Amino acid sequence: MSLQSMLRDTATLQRATVTKDTSGGSVRATWAVVDSNVKVRVEDLSAAQMLLYLQNDMNVSHNVTTQNGNGRIGDRWLTSDARYLLIQGAMKIRGMGGIPTYYEYAAAEIRPEA
């Protein structure tokens, strides 16, 4: 089974745009699209996996696997089923033996801002 065949879903990678308010403080204004129609695999974490992340003070509920390495902590994935997943951690997995390099993003499901 190839890596591409395992990436059955699509998602949009978004990055927050930050502006300054009248007092000079940072304010998150909007979310800009970094990449769209990215092939991904989104998996719910087990309770044991969530506990391991919590031991490192990371609130993580999902793992997102993709060949797209443009995500960074603080970005979010908008999945094809309208879930928002905020990236809490990222790991590059080097390919070998015919398996291409891919990325795993530890993410927390969030509600979109109104």
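Structural data are supplied above this passage.
It should be emphasised that the depicted structure is a prediction, and the values quoted were computed from it without experimental measurement.

Student: Would you mind showing me how to read the overall build of the protein chain here?
Tutor: For the protein chain, the helix and strand inventory stands at 2 helices and 6 strands. Sequence-ordered secondary structure for the protein chain, helices as α and strands as β, is α-β-β-α-β-β-β-β. Counting only C-alpha atoms, the protein chain reaches 55 × 30 × 25 Å along its principal axes. Across the 114 residues in the protein chain, those meeting the buried criterion constitute 32%. Contacts spanning at least 24 positions in sequence make up 56% of the contacts within the protein chain whose residues lie at least 6 apart. Averaging the positions of the 12 positive and the 11 negative side-chain charges in the protein chain gives two centres separated by 5 Å.

Student: Whenever I open this one, the pairing of strand S3 (residues 62-66) confuses me. Can you help?
Tutor: If a strand is regular, its side chains alternate between the two faces of the sheet. Within S3, 5 of the 5 residues are buried, which leaves it mostly tucked inside the rest of the structure. Neither face of S3 is exposed, since His62, Val64 and Thr66 on one face and Asn63 and Thr65 on the opposite face are all buried. Here 5 bridges tie strand S2 (residues 26-44) to S3, and the two strands are oriented antiparallel to one another. Note on S3: the bridge partner recorded for Asp44 is His62. Here 5 bridges tie S3 to strand S6 (residues 102-110), and the two strands are oriented antiparallel to one another. Looking across to S6, one finds that Thr65 is bridged to Glu104.

Student: Help me out: how do you make sense of the sheet that holds strand S5 (residues 84-93) in this one?
Tutor: In a beta sheet, neighbouring strands pair by backbone hydrogen bonds and run either parallel or antiparallel. As summarised here, the arrangement of the 6 strands in space is S1-S2-S3-S6-S5-S4, forming a closed barrel in which the pairing is antiparallel. Pairs of neighbouring strands in the sheet enclose a mean axial angle of 45 degrees, with direction left out of account.

Student: Help me understand the side chain of Asp75, please; the structure alone is not making it clear to me.
Tutor: Counting through the fold element by element, Asp75 comes out in the loop between S3 and strand S4 (76-79). For Asp75, a relative accessible area of 2% gives the class buried. Engagement of the side chain of Asp75 in a polar contact is seen with the side chain of Arg15, the distance being 2.7 Å. Non-local contacts of Asp75, meaning those with residues more than four positions away in its chain, are made with Leu13, Gln14, Arg15, Trp31, Asn70, Leu85, Leu86 and Ile87.

The rules behind the values
- Sequence order as written defines the numbering, with residues in each chain counted from 1.
- Only residues with pLDDT of at least 70 are given local features in this predicted model, and only at 80 or more are side-chain atom pairs given and counted; all residues enter the totals for whole chains, interfaces and linings.
- Computation of side-chain values covers all heavy atoms of the structure but excludes hydrogens and water.
- The helix and strand labels rest on DSSP assignments: H or I over at least four residues marks a helix, E over at least two residues marks a strand, and numbering proceeds from the N terminus.
- For each residue, the accessible area found with a 1.4 Å probe, counting protein chains only, is set against the maximum for its type, and the residue is called buried under 20%, exposed over 50%, and partly exposed in between.
- Contact between two residues is taken to exist if any of their heavy atoms lie within 4.5 Å; hydrogens are not considered.
- Under the counting rule used here, the positive set is Lys and Arg, the negative set is Asp and Glu, and His together with the chain ends is not counted.
- Positions of charges follow a simple convention, taking NZ of Lys, CZ of Arg, CG of Asp or CD of Glu.
- Being paired, for any two strands, means DSSP has found at least two bridges between them.
- Angles shown run from 0 to 180 degrees and are taken between the N-to-C directions of axes, each axis being a line fitted to C-alpha atoms and, for helices, limited to the stretch in contact.
- A 3.5 Å cut-off defines polar contacts: any pair of N or O atoms within that distance qualifies, except that in protein one atom must be a possible hydrogen donor and the other a possible acceptor, and neighbouring residues in sequence count only when both atoms are side-chain atoms.

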